[in-house]
Amino acid sequence: MKKVFFSFLILLVLSCQSKKPSEVQKPNILWVFLEDTAPLLSAYGEQLITTPNIDSLAKEGVLYTNVYMPAPVCSASRSSIITGVMATTFGAQNHHSSRTKASAIHLPKGYKTIPEVFKKAGYFTFNNGKDDYNFVYDRLDLYSQDYKVHPLYGKSGVRLDLTKLKEKQPFFGQIQMYGGKEIFSSTFKKRVTNPVDRSKVKLPPYLPNNPIIIEEYANHLDAIQITDDKVGEIIKKLKTDNVLDNTIIFFFSDHGMRMTRNKQFLYDGGIKVPLIIADFTKANKNLIGGRVNTDLISGLDLGTSSLKLAGIEIPNHMEGQDMFSDEKRKYVISTRDRCDFTIDRIRSVRSKEFKYIKNFLTDRPYSQPTYMDVDGIAFIKTMHQLHKDKKLDEIQDRFMSDFRPSEELYDLKKDPFELNNLATNPAYKTLLNEYANVLNDWIQKTDDKGQYPEDEENLKLMLGIWGKHAVNPEYDNLRKKYPNLASSQFYLKSESFKLVKSSSK
């Protein structure tokens, strides 16, 4: 009997050793993808809120402290992340571009998105929520689910039940969460069970200690607490379906919070985001739980590193790196171009120690009109009024003035809020030239499409939507050429989406 048992045991061991690579269980990769969220989490040291579910992810995985997005606005950033290529490389850098047939932007021949590469490798792919990609794509090539289409806001996946993923493994999934945009919900205040004590809010020095500014900042913290509850629900569902133990979770945001000098700008408030990677498979030595990682990471690296974790080769055209390799980034490039109707061009080069910013359109103030002015956002109105009443100090007023320098340079260790511009300091001339050369080389190497005028059709769409609010000189010729171009508030107001069934392909 013993002889039979040991013979069976030997056969079992040999059969396990002889499994082909294709038969080895592949890990699920899940992106918990937030909007407009700063790294103001208790895991990052924020003491005014508690985020136990996000904290548990950090304890289970690795918390990254130096992560910067390709752009400080959603569609440009998301277009870069999902392709592993800077949007400026293929002309998708302007916010909400390629939304009509006439303004279509196509990916270069041979380019594949991250989900397409996963799909080709045998993964089930889905994206619960918005895509917001500034290029033409057949969504069914990327994701296997029903989806909706809006003429301006683009395509978004009809949510799949997370408790029914067991039979769809391995999967590459994205779960879109409102994050900082929870504040737009009509039930926002009702869902905040433990509001932040406004009297304890400490603002960064570039913001005035004003009740309305404090309220905006505190609302962001409250939104993160709501997000934490939702993260807990996701984890619970994955456990219920018994797929969590074979899943690696990426938790991150598309860019920073909505606030003066943050969203839409290249200071750290606009591009620095939280990133936690929790490996529930326990198979990766680089993702041992409870660690803090200070490597310089670009948002471009999220997709390419996900592919590597799944054992999938990174396509040659992708600019993202494998964050787990020995080769580390020295710089992260970020870009800002047109946001809604507001035309601008800014580039930044960030290392661990310094930030270089190049402002190409110095004739335009930082605070030129944006959608937030049109919508009458309280903190924006307050900042303008305080500037008018001369109630801002020198640091706070700098962003509200008409002056903008062509170059900015900051020593991030001494000056983490980027307040002391060293660009004109002779002692930093050599360093300034070094960073300027890095940017110039990148512009030439990638043929940064932001250096060329934007396609007329995209600008026509913006002018048609925003009308009189589109005041940049680029719109002047369009007004003369198309004097009857009517404002189409449908793009802003309509809640109607066209549903597309996945069975249609």
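Anything mentioned here points back to the structure above.
Below or above, wherever it landed, is the structure these notes cover. Here the structure is a predicted model, which means the values were calculated and not measured.

**Focus on the overall build of the protein chain**
Helix and strand counts for the protein chain stand at 17 helices and 16 strands. In terms of C-alpha radius of gyration, the protein chain reaches 24 Å, essentially the compact-globule figure of 23 Å for 505 residues. Taking the principal axes of its C-alpha atoms as reference, the protein chain extends roughly 95 × 50 × 50 Å. Taking contacts inside the protein chain between residues at least 6 apart in sequence as the whole, the part at least 24 apart equals 73%. Of the roughly 23,100 Å² of accessible surface on the protein chain, a fraction of 53% belongs to carbon and sulfur atoms. Looking at the protein chain, you have 72 positive and 62 negative side-chain charges, and the mean spots of the two groups are 4 Å apart.

**Considering empty space enclosed by the protein**
Per the counting criterion, the structure on display carries five cavities of 30 Å³ or more. Estimated volume of the largest cavity: approximately 170 Å³. Along its surface, the largest cavity is lined by 18 residues, and Ser367, Thr370, Met372, Ile380 and Phe399 are the ones closest to its centre. Sorting the residues of the lining of the largest cavity by element identifies α11 (371–374) and α12 (378–388) as the ones contributing at least two each. Looking at the lining of the largest cavity residue by residue, the class counts come to nine nonpolar, six polar and three charged.

**Digging into the side chain of Lys263**
With respect to the helices, strands and loops of the structure, Lys263 is situated in the loop between β8 (247–253) and α9 (268–271). Take Lys263: its relative accessible area is 8%, and that puts it in the buried class. Of the polar contacts made by the side chain of Lys263, one reaches the side chain of Tyr371; its length is 3.4 Å. Among residues more than four places away in sequence, those in contact with Lys263 are Asp36, Pro72, Lys181, His255, Gly256, Met257, Arg258, Gly269, Gly270 and Tyr371.

**Some words on the sheet that holds strand β12 (residues 332–336)**
Backbone hydrogen bonds hold the strands of a sheet together, and the pairing may be parallel or antiparallel. A sheet is described by the order of its strands in space; here four strands give the open sequence β12-β13-β14-β15, paired in antiparallel fashion. The open sheet has two edge strands, β12 and β15 (407–411), and neither has a second partner. For this sheet the average axis-to-axis angle between neighbouring strands, irrespective of direction, equals 15°. The pairing of strand β14 (residues 354–359) with β15 spans five bridges and is classified as antiparallel. The residue bridging Tyr356 from the neighbouring strand is Leu409, located in β15. In the packing of helix α14 (residues 429–446) onto the sheet, the strands contacted are β12, β13 (346–350), β14 and β15, and the crossing angle to β14 comes to about 60°.

**Description of the packing of helix α8 (residues 211–240) against α12**
Look at α8 against α12: their axes get within 9 Å of each other, and the N-to-C directions meet at 145°. Seen from above, α8 lies across α12 with left-handed handedness. Touching Ile212, Ile213 and Glu216 of α8 are Ala378, Phe379, Thr382 and Met383, all from α12. The residue makeup of the contact of α8 with α12, split by class, is five nonpolar, one polar and one charged.

**Concerning the pattern of salt bridges**
Going through the model one piece at a time under the given rule, you end up with 30 salt bridges. The partner of Asp131 in a salt bridge is Arg139, with the nearest N and O atoms 2.8 Å apart. Neither Asp131 nor Arg139 differs from the other in exposure class; each is buried. Overlapping salt bridges bring together Glu35, Arg99, Lys130, Asp132 and Lys181 as one network.

**Some remarks on the packing of aromatic side chains**
As enumerated under the stated definition, the model contains 20 aromatic pairs in all. A centroid spacing of 4.4 Å and a plane angle of 0° characterise the contact between Phe118 and Phe172, whose relative ring orientation is stacked. Of the two residues, Phe118 sits in helix α5 (residues 114–120) while Phe172 sits in strand β7 (residues 171–177), which places them 54 residues apart along the sequence. Like Phe118, the residue Phe172 is buried in the burial classification. Measuring from centroid to centroid gives 6.3 Å for Tyr267 and Tyr410, while their planes differ by 65°, and the two rings are edge-to-face. Of the two residues, Tyr267 is situated in the loop between β8 and α9 and Tyr410 in strand β15; the sequence distance between them amounts to 143 residues. The burial state of Tyr267 is the same as that of Tyr410; both residues are buried. Here the aromatic residues Trp31, Phe33, Phe118, Tyr123, Phe172 and Phe252 are joined through ring pairs into a cluster of three or more. The residue whose ring lies beneath Arg261 is Tyr267, and the NZ or CZ to ring-centre distance is 4.0 Å.

**Here's the deal with the layout of surface pockets**
Of the pockets and cavities examined, the second largest pocket occupies roughly 910 Å³. Lining the second largest pocket we find 33 residues, and of these Pro39, Leu40, Lys272, Pro416 and Phe417 sit closest to its centre.

**A look at the pairing of β8**
Extensive coverage of β8 is indicated by the burial of seven of its seven residues. Covered by surrounding structure in β8 are Thr247, Ile249, Phe251 and Ser253 together with Ile248, Phe250 and Phe252, the residues of both alternating faces. Judged from the seven bridges that link them, strand β1 (residues 28–34) and β8 form a sheet pairing that is parallel. Residue Phe33 lies in a different strand from β8, and its bridge partner there is Phe252. Direction of pairing for β8 relative to strand β9 (residues 275–279): antiparallel, over a ladder of five bridges. Its bridge partner being in β9, Ile249 is matched across the sheet by Ala278.

Procedures and definitions
- Residues numbered from 1 in each chain as written.
- Predicted model: local features only at pLDDT ≥ 70, side-chain atom pairs only at ≥ 80, totals over all residues.
- Heavy atoms only, no water.
- Helix = DSSP H or I, 4+ residues; strand = E, 2+ residues; numbered from the N terminus.
- Rg over C-alpha atoms; globule rule 2.2 N^0.38 Å.
- Contact = heavy atoms within 4.5 Å.
- Areas by Shrake-Rupley, 256 points an atom, 1.4 Å probe, with all protein chains shown as cover.
- Lys, Arg positive; Asp, Glu negative; His and termini not counted.
- Charge placed at Lys NZ, Arg CZ, Asp CG, Glu CD.
- 1 Å grid on protein atoms, 1.4 Å probe; cavity = no way out; pocket = protein on both sides within 12 Å on 5 of 7 lines; lining within 4 Å.
- Points joined across faces, edges and corners; volume = space filled by probe spheres on them.
- Nonpolar A, V, L, I, M, F, W, Y, C, P; charged D, E, K, R; others polar.
- Buried < 20%, exposed > 50% of the residue type's maximum accessible area, 1.4 Å probe, protein only.
- Polar contact = N/O pair within 3.5 Å; in protein donor to acceptor, adjacent residues only side chain to side chain.
- Pairing = 2+ DSSP bridges.
- Axes fitted to C-alpha atoms, helices over the stretch in contact; angles between N-to-C directions.
- Left-handed = near helix turned anticlockwise from the far one by under 90°.
- Salt bridge = Lys/Arg side-chain N within 4 Å of Asp/Glu carboxyl O.
- Phe/Tyr/Trp six-rings, centres within 6.5 Å; stacked < 30°, edge-to-face > 60°.
- Lys NZ or Arg CZ within 6 Å of the ring centre and 35° of its normal.

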